[in-house]
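For reference, the chains in residue letters:
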Amino acid sequence: MAIRNIRVDGDDILRKVCKPVTKMNERTLTLIDDMFDTMYESNGVGLAAPQVGVLKRIVVIDVMDDNPLVLINPEIIEADGEQIGEEGCLSLPGLSGEVTRPAHVVCKALNEDMEEFTVEGEGLLARCICHELDHLDGKLYKDIVHEGTLHRVDLPPVDDEVENDEDADDEADAEPDADSKAE
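For clarity, every value in this text was computed on a predicted model and none was experimentally measured.

A. Examining the side chain of glutamate 132 more closely. With respect to the element layout, glutamate 132 can be found in helix 2 (residues 123–136). Of the buried charged residues, glutamate 132 lacks a salt bridge, with arginine 101 as the closest side chain of opposite charge at 8.3 Å. Side-chain polar atoms of glutamate 132 contact the backbone nitrogen of alanine 48, separated by 3.3 Å. If we skip the residues at most four places from it in the chain, glutamate 132 touches Gly46, Leu47, Ala48, Gln51, Val59 and Ile61.

B. How the structure looks around the packing of aromatic side chains. Tallying each qualifying case throughout the model produces one aromatic pair. For the pair phenylalanine 36 and tyrosine 40, a centre-to-centre distance of 5.9 Å together with 25 degrees between the ring planes defines the contact as stacked. In this pair, phenylalanine 36 and tyrosine 40 both sit in helix 1 (residues 26–41), four residues apart, roughly one turn of the helix. Owing to a relative accessible area of 12%, phenylalanine 36 belongs among the buried residues under this scheme.

Definitions and limits used
Residues numbered from 1 in each chain as written. Predicted model: local features only at pLDDT ≥ 70, side-chain atom pairs only at ≥ 80, totals over all residues. Heavy atoms only, no water. Helix = DSSP H or I, 4+ residues; strand = E, 2+ residues; numbered from the N terminus. Buried < 20%, exposed > 50% of the residue type's maximum accessible area, 1.4 Å probe, protein only. Lys, Arg positive; Asp, Glu negative; His and termini not counted. Salt bridge = Lys/Arg side-chain N within 4 Å of Asp/Glu carboxyl O. Polar contact = N/O pair within 3.5 Å; in protein donor to acceptor, adjacent residues only side chain to side chain. Contact = heavy atoms within 4.5 Å. Phe/Tyr/Trp six-rings, centres within 6.5 Å; stacked < 30°, edge-to-face > 60°.

What follows is the structure in structure tokens.
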């Protein structure tokens with residue numbers, strides 16, 4: 001189990017557009033495993049690669065419906081309806097605010113075997129897909145929060161013994177490696 005440091009608001013990487021993944025390798029599989037571990041350790045329901053310092057179009061989601069998701073190069077292909085609800089973010093600790101999202105989405109993505117699939121989500125899953133995909137384009141929920149609703153919330157204590165990912169800064173700042181270059 002490897003817990004990575006979660007980047008917080010103010011870190012430039014959270015405002016960058018991520019690069020598509022063009023092939024799967026051991027390093028990327030390890031990243032995905034680490035993202036799940038980091039998300040679970042932080043009591044989150046979703047995590048995007050830039051939140052752990054990696055500019056790749058990868059998202060992990062688990063809304064506790066016995067169907068954890070890995071979305072590689074995800075794209076929303078259908079969205080309808082509207083829901084308004086509170087959102088928080090592991091990269092904006094201690095804050096919450098009201099955001100409008102689609103009530104229903106259909107997302108096309110690749111799995112860990114680089115096979116295309118679609119996932120359909122309503123309610124929390126739809127909200128989570130939209131929230132995490134925003135991260136891949138350098139957007140944070142605070143950019144679209146309803147005016148006057150962003151507020152502080154009490155956070156549960158977090159274990160301070162987090163493994164520092166020494167490669168994260170290198171991955172974020174270096175030229176993309178062969179598996180993350182757009183073709």
